Amino acid sequence: MSAGVGVDLENLWIRFGDFVAVRDANVKINGGDFFSFLGPSGCGKTTILRAVSGFLEPSEGNVLIGGNNMRGIGPNKRPTALIFQNLALFPLMKVWENITFSMEIKGASAKERRKRADELLDMIALPGQGDKLPSELSGGQRQRVAIARALCAEPDVLLLDEPLSALDLKLRQHMRTELREIQQRVGITFIYITHDQGEALTMSDNIAVMKAGVIDQIADGKTIYNDPATAFAASFVGENNVFRGKVKRIMGDEALISTNRSGDLVARISSANQGKMAEGDDAMMFIRPEAFALAPNGATGDHFITARVNHEEFEGNVFNIFMEGEGGKELKVSIPNLGQSFEDHTGQNITLEYETQNAVAVPAGELAAE
Amino acid sequence: MKSFSFLRLSVWFYLAIFFAYLLGPLVIMSVTAFNSPEFPRASPWECLTFEWFSALFQDERILNGIWNSILVGAGTVVLSVAMGLAGALMLTQIWPKLRATYYTIIIAPILIPGVVLGISTLVFWDRINRMLGLGVDSFLSNGLFLTIIGQSTFIASYCMLVLVARLQRYDIALTEAALDLGATHTQAFRKVLLPFMKPAIASAAVLAFLASFENYNTTTFTFGEYPTLTIELAQKVRYGITPAISALAFIIVVLTVFAALANEANIRRKELVAAARKDATVEELESGRMRLPNFFSSNWAAVGLVVLACLTVATVGTATVYSPQQCIADIREQKRLETEQRIQELRQRRAEEAARRAAEEAESGADSTGGQSKPAAGGNSSGFGGAFAPSALGGDSSTDDPDTGADAAPEQDSGSGFGGAFDPNALSGGGDDGN
């Protein structure tokens, strides 16, 4: 199988009147990748998808598919297939007619279509359901029919617009694995739009984190999680505790930050920002809940934090401790449950420690809304 | 509990009144179609007859009117549904700020009186006809063309309203999905949007046909050489109506009920099948052994349809063999007898009156002079002369009238059924005769 067809966005601007939906997006998506655009609703990710599929002409810049500029080419002439957020299955057509709609357009005979539909139904594990109407299927089944319909058109690039958002949690988790498997089987490029960081992290080869029309960071999931480029990326992907402050001293790839509440703390400067932060700059430091460990009470130093415990909860795999944090926000700490005894600390002061490599410093910026 | 049952009772009472109000005229009219009197009446019931139906089917003008109405209806359906669909699509595509204005404009024809639409259609197309230098017998002044165009101006708006309602439930993503899968705009329209709109298009077509069929006030200006049924009926009614028109109305009512029942039965059937499919297991669906519900089970509309069909067949069957001649002859005979009896009674009453009057005459003659016999002239003293005097009807009755005194001469002269009404002497009253 070939490496698939890549998609490039070059200096892409999309405006609606005065409103800028997408600001100077530059993305290179490799052929055969599972690529996700991750961001809160209204950040412009669906707009990008519509520009790629051809329903929208970019105001400036270009969309290239397989190196060919797509300007002026309509959605029905592009080698893309889109899976809509609400799936948009044709309600009056049977499942097999839905799946093979693209063949009907090309004038294939009913017999050929039926055969192809049966193959695809087998692939999506819905054998024998071809004669039902979409309304007679469950949500997950409809989902798979939509995928089969898109695949039947044999696109070079499959575009998915939050296709799992309408499903319940269990099904969503199951479909994640299934989508990933299908993508690996057919080997074509998937571009996936989501506001769910769990979906993006589990399925994607690469992720673009978007905020208000701007792409903050493009990297693989691990990098985005461990080494966020901006405060937004750090706060949007996964749970994170933020510490605001000013850079006191730069020590190679580490920085000492005098935080507003917890004194001077040391953190690793994220790779995207190395050399870009200077002493006296406003900075933010992020430590994940699971990166803390309990320390002997009263220990001090640049990697110890002492605070009062507001309340605690037991979640099964972890104990969660919520402590007084900065600006009314609580500091969350998750201690893995390994069968150890765990006393209640509510109302007491406790001290935490962390390893420097687990704290990330980035320039101060906008945080993701809760 | 008592007040509750009272409430129920009044609800039923109200419903009964409401339906009587709604359906009563139709029922009465249907009855008149089967009653034999020349004038449509439900009572007194005389004879069951089907002659008004045959009279209807022998009336060239009515048949021609029906044919024209069907032609106009078909044309209007095609034109109105097409225009309505275009208008509805436009409404969903147009720039949102213009939408309200556009909607008002497109709805306006419904609010304009049909008469105005009729006149303006006539004037407008006549103008165009002249501008193009065409004669009076050109296509543009053809009654069929003008009627279709004229009716469609407002029927298209009705269609649009029906279609917009459905279109609002259309997910534009379906068209986008079709485009995305390689369809052209035409293909997306034909294969996705049009099938979705089909039920609404059918409703709009039925609505358009009915609106066209019953239209009078627009058509009355435009029909030209093609009078539709409503026009023909209106012209007929001017010269009095016969039960043949009731027969036509009855046929239309029956056809309507038929169509409504058939539609309802079809809808129920679909619902039942859908429910059965939902309940069916995968294996049943696959093997094709799914049990579909029986045609009549829990489908009252289907039962009603069959009953109505049987009734129709039975009625038509009866009509072909049934002859009301004997009954009509009996009724005629009975009527003749009644009339005779009435005449007899009348004569008798008059004879009695005459006798009484003769007695009064004799009395008044005794105590008054002959010149003052004025009251003896009786009714003749009024301006109507003897027109309302029962004796005048007979015409020949005056011969045996004892009133042959001084005023006898003018009375004798009239000698007609009008009595003395047209006798110039009578106008001034009988008084001066006596002088």
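To keep things clear, this report deals only with the structure shown in the data block. (Residues numbered from 1 in each chain as written. Chains lettered and ligands numbered in written order. Predicted model: local features only at pLDDT ≥ 70, side-chain atom pairs only at ≥ 80, totals over all residues.)

1. Details of the interface of chain A and chain B
Short version of the rule: C-beta atoms are placed from the backbone for every residue, and two residues are taken to be in contact when these atoms lie within 7 Å. Strands here mean DSSP runs of E at least two residues long; helices mean DSSP runs of H or I at least four residues long; both are numbered from the N terminus. Asp, Glu, Lys and Arg are counted as charged, while Ala, Val, Leu, Ile, Met, Phe, Trp, Tyr, Cys and Pro are counted as nonpolar; the rest, among them Gly, fall into the polar class.
Facing 19 residues of chain A, the contacting portion of chain B comprises 21 residues. Sorting the residues of the side of chain A that touches chain B by element identifies β6 (80-83) and α3 (101-105) of chain A as the ones contributing at least two each. Broken down by element, the side of chain A that touches chain B gets its largest block of residues, 3 residues, from α3 of chain A. Residue composition of the side of chain A that touches chain B, grouped by class: 11 nonpolar, 5 polar and 3 charged.

2. A look at the packing of helix α11 (residues 243-279) of chain B against helix α13 (residues 300-321) of chain B
All names here are of chain B. Heads up, the rule is: Interaxial angles span 0 to 180 degrees and are taken between N-to-C directions of axes, which are lines fitted to C-alpha atoms, for helices over the stretch in contact. Should an angle fall under 35 degrees it is taken as roughly parallel, and over 145 as roughly antiparallel, whereas 65 to 115 is taken as roughly perpendicular and any remaining angle as oblique. Definitions for this section: a left-handed crossing has its near helix turned counterclockwise from the far helix by less than a right angle. A right-handed crossing has that turn clockwise.
Look at α11 against α13: their axes get within 8 Å of each other, and the N-to-C directions meet at 150 degrees. By the criterion of interaxial angle, the relationship of α11 to α13 is roughly antiparallel. Seen from above, α11 lies across α13 with left-handed handedness. Residues Val 254, Val 257, Phe 258, Leu 261, Ala 262, Glu 264, Ala 265 and Arg 268 of α11 form the contact with α13, whose participating residues are Ala 301, Ala 302, Gly 304, Leu 305, Leu 308 and Thr 312. A breakdown of the residues in the contact of α11 with α13 according to their chemical character gives 10 nonpolar, 2 polar and 2 charged.

3. What to know about unusual backbone geometry
Residues and elements named next belong to chain A. Test applied: Exposure classes come from backbone-placed C-beta atoms, where a residue is buried if 20 or more other C-beta atoms lie within 10 Å of its own, exposed if 12 or fewer do, and partly exposed in between.
You will see that Asn 11, though not glycine, has its phi angle at about 45 degrees, which is positive. Mapped onto the fold, Asn 11 is located in strand β1 (residues 7-16). Looking at Asn 11, the number of C-beta atoms within 10 Å reads 11, which means it is exposed. The backbone phi angle of Ala 212 is positive, close to 45 degrees, even though this residue is not glycine. Mapped onto the secondary structure, Ala 212 falls in the loop between β9 (206-211) and β10 (214-219). Residue class for Ala 212 comes out partly exposed when judged on the 16 C-beta atoms lying within 10 Å of it.

4. Digging into the environment of Ala 202 of chain B
Residue placement: Ala 202 of chain B occurs in helix α8 (residues 185-214). It is 9.1 Å that separates the C-alpha atoms of Ala 202 of chain B and Val 81 of chain B, two residues lying 121 residues apart in sequence.

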